[in-house]
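Architecture at a glance
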Amino acid sequence: MPYLGLGVYLSEDGKEVTNAVKWALEEGYRHIDTASIYENEEGVGKGIKESGVDRKDIFVVSKVWNSDQGYGSTINAFEASLKRLNLDYLNLYLVHWPVKGKYKDTWRALEYLYEQKRVRAIGVSNFMQDHLEDLLSSAKYVPMVNQMEFHPYLVQQKLIDFCNKNTIQYEAWSPLMQGHIFELDIMKSMAAKYHKTIAQIVLRWNLQKGIVTIPKSSKKERIKANADIFNFELAQEDVKKLDQLDRGKRFGPDPNNFDF
Ligand SMILES: NC(=O)C1=CN([C@@H]2O[C@H](COP(=O)(O)OP(=O)(O)OC[C@H]3O[C@@H](n4cnc5c(N)ncnc54)[C@H](OP(=O)(O)O)[C@@H]3O)[C@@H](O)[C@H]2O)C=CC1
Ligand SMILES: O=C1CO[C@H](CO)[C@@H](O)[C@@H]1O
């Protein structure tokens, strides 16, 4: 799975998301993260086709939304996502949120789709350790990925360690704190120190922690710049400095207390 992907939440279906995906693929991104709830899978599919990049070289991710959870409805939702994306398989399909009383049946459907080779990998999103332990108690396959909110204000190192121990790849959503990262003075001084942008510093921190990351932008220059993170390294002391900004602060919903 490529460590860097393009997030497309809030990139509007149609030209906006199609261009973002096309620009990203032209700039060397090989991983696109969408979800049925983003209502832009059609535009994502068009961007993939128009880029001219071989399907086999792109890692495409989508997610089953909460109202579709359950065994049969998940399989239907998966087929509908594939159709909108105009693809015949996904690289990764995720359970978007741990919906109580539903996520085990949803997981069984993902296991079925995996065995049928309709999807190359299966995983979860927004699963805390207790959700993972509960799922693991009956799962045939260990989730391959856990996609979580992750940035300097929300590190959740214990959960990362639990995932690493169980060979679950940790993946960051909202790695740029939905834009708030640009307000932090420490980020401004680190960017100056390394002659890099704030986005590049924080995304590089993700990589050095072994965390897959999917920054969103629909702007060509930002998409390009956000990918320029493979030619420098943060000193270990700076990685630690960013770790220490953790204050358990979420910008998105809490997996233990969401109401949708
Ligand atoms: N599994 C889940 O529950 C969730 C998954 N996600 C996934 O994670 C992805 C990323 O998270 P997201 O919440 O979108 O937030 P991000 O942390 O990626 O921040 C996106 C914001 O930062 C801006 N931005 C991007 N690059 C730059 C830059 N270089 N300089 C200045 N501003 C910049 C974007 O604006 P602009 O577009 O104008 O450049 C946008 O407003 C989502 O798109 C989605 O794919 C997100 C939330 C929940
Ligand atoms: O991926 C996502 C984008 O934002 C949505 C609205 O807050 C979330 O529910 C979802 O997890």
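All values reported here derive from a predicted model rather than from experimental measurement. (Residues numbered from 1 in each chain as written. Chains lettered and ligands numbered in written order. Predicted model: local features only at pLDDT ≥ 70, side-chain atom pairs only at ≥ 80, totals over all residues. Heavy atoms only, no water.)

Observations concerning the pairing of strand β4 (residues 92-95)
The cut-off we apply is this: Burial classification: accessible surface area is computed with a 1.4 Å probe over protein chains only, and a residue below 20% of its type maximum counts as buried, one above 50% as exposed, and the rest as partly exposed. Only DSSP runs of H or I covering at least 4 residues are called helices, and only runs of E covering at least 2 are called strands; the numbering of each starts at the N terminus. Between any two strands, at least two bridges found by DSSP are needed for them to pair. If the strands point away from the viewer and the path from the first strand over the helix to the second runs clockwise, then the crossover is right-handed.
Residues L92 and L94 line one face of β4 and the alternating positions Y93 and V95 line the opposite face, and both faces are buried. Taken together, the four bridges between strand β3 (residues 59-64) and β4 define a ladder with parallel strand orientation. Looking across to β4, one finds that V64 is bridged to V95. Handedness of the crossover joining β3 and β4 through helix α3 (residues 71-85): right-handed. Across three bridges, the pairing between β4 and strand β5 (residues 122-125) is parallel. The residue bridging L94 from the neighbouring strand is G123, located in β5. Crossover connection from β4 via helix α4 (residues 103-115) to parallel β5: handedness right-handed.

Things to note about the packing of helix α1 (residues 15-26) against helix α2 (residues 41-51)
Operational definition: Whenever a helix is involved, its axis is fitted only over the stretch in contact; in every case the axis is a line through C-alpha atoms, and angles between N-to-C directions fall within 0 to 180 degrees. Between 65 and 115 degrees an angle is taken as roughly perpendicular, under 35 as roughly parallel, over 145 as roughly antiparallel, and anywhere else as oblique. Working rule for handedness: look at the near helix, and if it is turned counterclockwise from the far one by less than a right angle, call the crossing left-handed; if clockwise, right-handed. Pairs of residues are marked as contacts when any of their non-hydrogen atoms sit within 4.5 Å. Any residue that is not Ala, Val, Leu, Ile, Met, Phe, Trp, Tyr, Cys, Pro, Asp, Glu, Lys or Arg is counted as polar, Gly included; the first ten are nonpolar and the last four charged.
Between α1 and α2, the least distance of the axes is 7 Å, while the angle of their chain directions is 40 degrees. With respect to their mutual orientation, α1 and α2 come out oblique. The chirality of how α1 crosses α2 is right-handed. Counted together, V17, T18, V21, K22 and L25 of α1 and G43, V44, K46, G47, I48, E50 and S51 of α2 form the full contact between these two elements. For the contact of α1 with α2, the residue count by class is five nonpolar, four polar and three charged.

Topic: the packing of aromatic side chains
What counts here: Whether two aromatic rings pair depends on their centres lying within 6.5 Å, for rings of Phe, Tyr and Trp, where Trp uses its six-membered ring; planes under 30 degrees apart make the pair stacked, over 60 edge-to-face, and the rest tilted. In our convention, an over-ring charge means Lys NZ or Arg CZ found within 6 Å of a ring centre and within 35 degrees of that ring's normal.
Enumeration over the complete set of coordinates arrives at 12 aromatic pairs. A ring pair is formed by Y114 and Y141, whose centres lie 5.1 Å apart and whose planes are at 75 degrees; its orientation type is edge-to-face. Here Y114 is found in helix α4, whereas its partner Y141 is found in the loop between α5 (129-136) and β6 (145-149), with 27 residues between them in sequence. Each ring, one from F150 and one from W205, has its centre 4.9 Å from the other, and the planes form 15 degrees; the classification is stacked. Here F150, found in the loop between β6 and α6 (157-165), pairs with W205, found in helix α8 (residues 198-208); they are 55 residues apart in sequence, far enough to count as distant. For the pair shown, F150 and W205 are each scored as buried. Connected via pairs of aromatic rings, a cluster forms that spans W65, W97, F258 and F260. A cation over an aromatic ring shows up here: R120 above the ring of Y89, its NZ or CZ 4.0 Å from the ring centre.

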